[in-house]
Structure formats: C-alpha cells, structure tokens
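If you want the building blocks of each chain, they are given just below.
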Amino acid sequence: MDPRIHIGIDNCFAIKRWTKPADWARVVSELGMKYIEVVPDLEAEPLLTPDDYRREWVHNVCDAKAKYGVETVMIYSNNTTYDTIGFAHPDKRVRDSVVDRWFENFCQLAEGIGADIGYFVHGLSEDILFDREKRLVAQENVIDCMSRLNRIADKHGIGKAALEQMYTPHQPPFTIDTMIQLMQTVQRTSGKPLYVTEDVGHHCPFYLRPDADKLQEAFARYKKDGYIGTWLGSKEALALFKGETADKLSADTIKAIEADMDSNAAMFSTPRDNDCYEWLKELGCYSPIIHMQQTNGTFSSHAGFTPENNATGKIHPIKVLKAIKESYEKAERPDMPERVEDIYLIQEVYMSTKEVGYQGLWRIQQSTDYLRKYIPKDGMRLSELLRLAETLGE
C-alpha cells in the first residue's frame, strides 16, 4: 500500500480567539490548509453546552466547511477529559458517565460533522499506579470502556476510533508493545478496530530504567538537597533508595533496587519507546492522524516548525515519511486494524495566553510553509514524496 499524505492542523490554536466554526475554518483556509482536527473545547463541550446549541454548532460547522472548502477529518477529546482519570476511575458511576454521557454526545458531534474520533481519557492516580492489583483492575476497566466506546462509535457510523499514545507510566500505554497489545485486545473484545494517534512530541527519556551509575548519581543529588532525579518504578524501590544511611548506595542496596525493578519491568520504557521514529516504523500504518510538533525530545512543547525551533528540534518531515514507509513494508497482521490509506500530518500547535493572535498565526504560517516544502500538495503518495525528498538533498 502506498498511502496518501496530507497536511492539516488541530484547531486548538483557536481556543478563546476564533471560536465560531466560520472563524476557525476561515483562518485555517487562509493559512493554506484544508484538513482540520477539531477539539470540542472550542465551544462545543459535550456536557457544558445544551443539546440544541450543539445541534446548531454541527450545522454551523457543515456550513463553514462548504463555504471555505475545508474538511473536518477527526474530532479529538482535549482538555476537558484529559485532566480526569476517566476510564481508569475506580468508581463505575464515573466510568459509565464518561462513556455513556460524554462520549455519546461526542460521537453525535463526530457523526454530524463527518469526522472520525480520537481520544485519551484515562490516567492512573498515585494509589493505583503503585499498587499492582489496582493497576490490573484499572487496566480491565480501561479496556472495557474503550470497547464500549468502539461500539458507540460504530452505532454512529464513525469509521475510525484512535487512541493517542502517551509517554509516562501513569498514562499508559507508554510503550510500543503495550500499545500493540491494547489495540489487539480492544479489537477482539469490541469487534471494531482501535487505531493509534502517534504524537511525535510524546516521548521523553525520564522513565528509562536507571543503571547502577545513574542510581549513584541520583543518590548523590538526594544527599545534597533531597531531590530524587530518577524514576525508580515503585514505592518499595523508593524506600530502599531513601533508606540508605551511607554516603553512597551500597552494593546490597543497589542489588535490592535492581531486583525490585526486575519485578516491575512494565513501569519502565526502553530507548525504542522514547523515539517517535521507532513508533512510526511499527505503527505508522495504523495512525490515520499523526500529531506534528517540533521538540528537542525532552518534553511535549507543542511548538511549530519555525526556523528557531527547527534549529534545536529533532523532528524532520523526511525522517517521519521514511519511518512511515517502513511500517507499510511489514507483513499485514489479522489481529491488527486494516492499514490506513490516508495519513493526515496534523500540526498540534498551541498559542500562549500572552501571545497576540496575529503573532501566533505568523508562526503557524511559517510552520506550514516549512512542511509544504516536503508535502507540497495534499494527497500525494508516500512514494512520490520520498522521491521528492531525494531531489531536495536533505
């Protein structure tokens, strides 16, 4: 398969600035893009707005699409649900409300504007994260909610449902292997595929397993001012670390910490998991939306592809395209979704509160122009773009 590649943008940049569908659709069109990922935070929150208002919003979006020639390819959960533990909540009443009320309304919005859906609506609170039994229960609850959501999406005729990958243990799945396992399980239990949204900025090395040298470095800092600068994976390992009375961690303490980390291997990432290109090589063909942002690889900055950001950033469009190609070269798998025929590279760029609106749009225009150098026309085949890349000499 030789997928078509498109450039688009998440309209989160427009929050509290261009709030009406006609406004954000016009701005996106003027920036030279057609494809929009919509967030309900932009004045269409599924529980904060009345039913008749949301129905009017759907009509307004459809009118704006026709007027400005844009398309809403996906509607994505955003801040209103990101800040809750949602699907992992230990109280079934909360989980049921999120699925049956919030997502029912959300899917009605998606159906009305002709969009697929994407989301991330769970997290592990500290009492769950550090309790193996509670983690397993939370995992089952998350799978149940995702499977129910898949069936709701299917009822509303929504083509694809995608889960955004994250990068910390308290927001799983944060490794490639656990994402694959979750996709397989939800597809098996719901009868409908679960796709992935790769965000190229959702990778950081902080949750790598520390070796003995890293443990000693962290302990030296801890003895100095009490700060522990490495991830230990469990309360038991933390107690061993803090319980050392010598100036250095003893060999026995290190051995005990390492044994604990062995038993909690799922709490750590690997170098492979911290590389967006590795995620794309494995799962790019199952990612209808790829969130694009420039980053130095240490945090999710939601920065655009401006010259100053590109000077220190690690994300390059050609490397993204090459990694996607590798995913399509792998053998097809019956336990995974069908590979996507269209991939939308969606800029997920935020504006700061203090930023003047026209300054933010100037940055987005710079970012879009940069990406257009490598994807000059929407719908070009991946093979065409890679041939173009060869002529650019980059």
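Everything discussed here concerns the structure shown above.
Keep in mind that what you see is a predicted model, and the values were worked out from it rather than measured.

**Some words on the overall build of the protein**
Within the protein, the regular secondary structure consists of 15 helices and 9 strands. Its C-alpha atoms give the protein a radius of gyration of 22 Å, near enough to 21 Å, the size a compact globule of 394 residues would have. Projected onto its principal axes, the C-alpha coordinates of the protein cover approximately 70 × 55 × 50 Å. Within the span of the protein, comprising 394 residues, buried residues form 55% of the whole. Counted over contacts in the protein with a minimum sequence separation of 6, partners at least 24 positions apart contribute 77%.

**Overview of the side chain of Ser367**
Within the element layout of this structure, Ser367 appears in helix H14 (residues 357-374). With relative accessibility at 1%, the residue Ser367 sits in the buried group. One polar contact links the side chain of Ser367 to the main-chain amide nitrogen of Phe305, over a distance of 2.8 Å. Residues within four places of Ser367 in sequence aside, it is in contact with Gly304, Phe305 and Gln347.

**A short note on unusual backbone geometry**
The omega torsion of the bond from Pro172 to Pro173 falls at 5°, within 30 degrees of zero and hence cis. Following the sequence through the fold, Pro173 ends up in the loop between strand E5 (161-164) and helix H7 (176-190). The phi dihedral of Glu43 is positive, around 65°, even though this residue is not glycine. Mapped onto the secondary structure, Glu43 falls in the loop between strand E2 (35-38) and helix H2 (51-68). For His302, which is not a glycine, the phi torsion comes out positive at approximately 50°. By secondary structure assignment, the location of His302 is in the loop between strand E7 (289-292) and helix H12 (307-312). Since its relative accessible area comes to 12%, His302 is described here as buried.

**Let's talk about the packing of helix H9 (residues 235-243) against helix H10 (residues 251-263)**
Where H9 meets H10, the closest approach of the two axes is 9 Å, and the angle between their N-to-C directions is 170°. Viewed along their axes, H9 and H10 adopt a mutual orientation that is roughly antiparallel. On the side of H9, the interface is formed by Glu236, Ala237, Leu240 and Phe241, while H10 contributes Thr253, Ala256, Ile257 and Asp260.

**Observations regarding the packing of aromatic side chains**
The full count for this structure, using the stated rule, is 16 aromatic pairs. Seen from their ring centres, Phe13 and Trp18 are 6.0 Å apart, and the 45° between their planes marks the pair as tilted. Accessibility classification places Phe13 together with Trp18 in one group, the buried group. Measuring from centroid to centroid gives 5.2 Å for Phe206 and Tyr207, while their planes differ by 85°, and the two rings are edge-to-face. Accessibility expressed as a relative area gives 37% for Phe206, which makes it partly exposed. Ring-pair connections join several aromatic residues into one group, and the members of that group are Phe87, Trp102, Phe103, Phe106 and Tyr119. Against the face of Tyr195 rests Lys160, its NZ or CZ located 5.8 Å from the ring centre.

**A short note on the nonpolar core**
Phe13, Trp24, Phe87 and Ile117 are the most contacted members of the largest nonpolar core, which has 121 residues in total. Considering every element that reaches this core, the biggest residue donor is helix H4 (residues 92-113), with 9 residues. Not counting chain neighbours up to four residues away, the residues in contact with Phe87 comprise Arg95, Val98, Val99, Phe103, Tyr119, Val121, His122, Asn141, Val142, Cys145, Met146 and Leu149.

**Remarks on the side chain of Ser147**
Position of Ser147 among the secondary structure elements: in helix H6 (residues 132-155). By relative accessible area, Ser147 is classed as buried at 3%. A distance of 2.5 Å separates polar atoms of two side chains, one belonging to Ser147 and the other to Thr189. When near neighbours in sequence (up to four residues on either side) are disregarded, Ser147 contacts Val186, Thr189 and Ser190.

**Brief notes about the pattern of salt bridges**
Across all of its chains, the model carries 22 salt bridges by this definition. Put simply, Arg148 and Asp96 hold a salt bridge, and the shortest N to O gap is 3.0 Å. Of this pair, Arg148 sits in helix H6 while Asp96 sits in helix H4, and the two are 52 residues apart along the sequence. An identical accessibility class is assigned to Arg148 and Asp96; each is buried.

**A closer look at the packing of helix H8 (residues 212-225) against H10**
Between H8 and H10, whose axes approach to 11 Å, the crossing angle comes to 115°. The orientation of H8 with respect to H10, classified from their angle, is roughly perpendicular. You can see that H8 and H10 cross each other, and the crossing is right-handed. Facing Ala212, Leu215 and Gln216 of H8, the residues of H10 in contact are Ile254, Ile257, Glu258 and Met261. Looking at the contact of H8 with H10, its residues break down into 5 nonpolar, 1 polar and 1 charged.

**What to know about the pairing of strand E8 (residues 342-347)**
Within E8, 6 of the 6 residues are buried, which leaves it mostly tucked inside the rest of the structure. With 6 bridges joining them, strand E1 (residues 4-10) and E8 adopt parallel strand pairing. In the sheet register, His6 faces E8, and the bridge partner there is Tyr344. Direction of pairing for E7 relative to E8: parallel, over a ladder of 4 bridges. What sits directly across from Met292, in E8, is Gln347.

Conventions adopted
Residues numbered from 1 in each chain as written. Predicted model: local features only at pLDDT ≥ 70, side-chain atom pairs only at ≥ 80, totals over all residues. Heavy atoms only, no water. Helix = DSSP H or I, 4+ residues; strand = E, 2+ residues; numbered from the N terminus. Rg over C-alpha atoms; globule rule 2.2 N^0.38 Å. Buried < 20%, exposed > 50% of the residue type's maximum accessible area, 1.4 Å probe, protein only. Contact = heavy atoms within 4.5 Å. Polar contact = N/O pair within 3.5 Å; in protein donor to acceptor, adjacent residues only side chain to side chain. Axes fitted to C-alpha atoms, helices over the stretch in contact; angles between N-to-C directions. Parallel < 35°, antiparallel > 145°, perpendicular 65-115°, else oblique. Phe/Tyr/Trp six-rings, centres within 6.5 Å; stacked < 30°, edge-to-face > 60°. Lys NZ or Arg CZ within 6 Å of the ring centre and 35° of its normal. Core = buried A, V, L, I, M, F, W, Y, C linked by side-chain atoms within 4.5 Å. Salt bridge = Lys/Arg side-chain N within 4 Å of Asp/Glu carboxyl O. Left-handed = near helix turned anticlockwise from the far one by under 90°. Nonpolar A, V, L, I, M, F, W, Y, C, P; charged D, E, K, R; others polar. Pairing = 2+ DSSP bridges.

Purely geometric stuff here, so don't read any function into it on its own.
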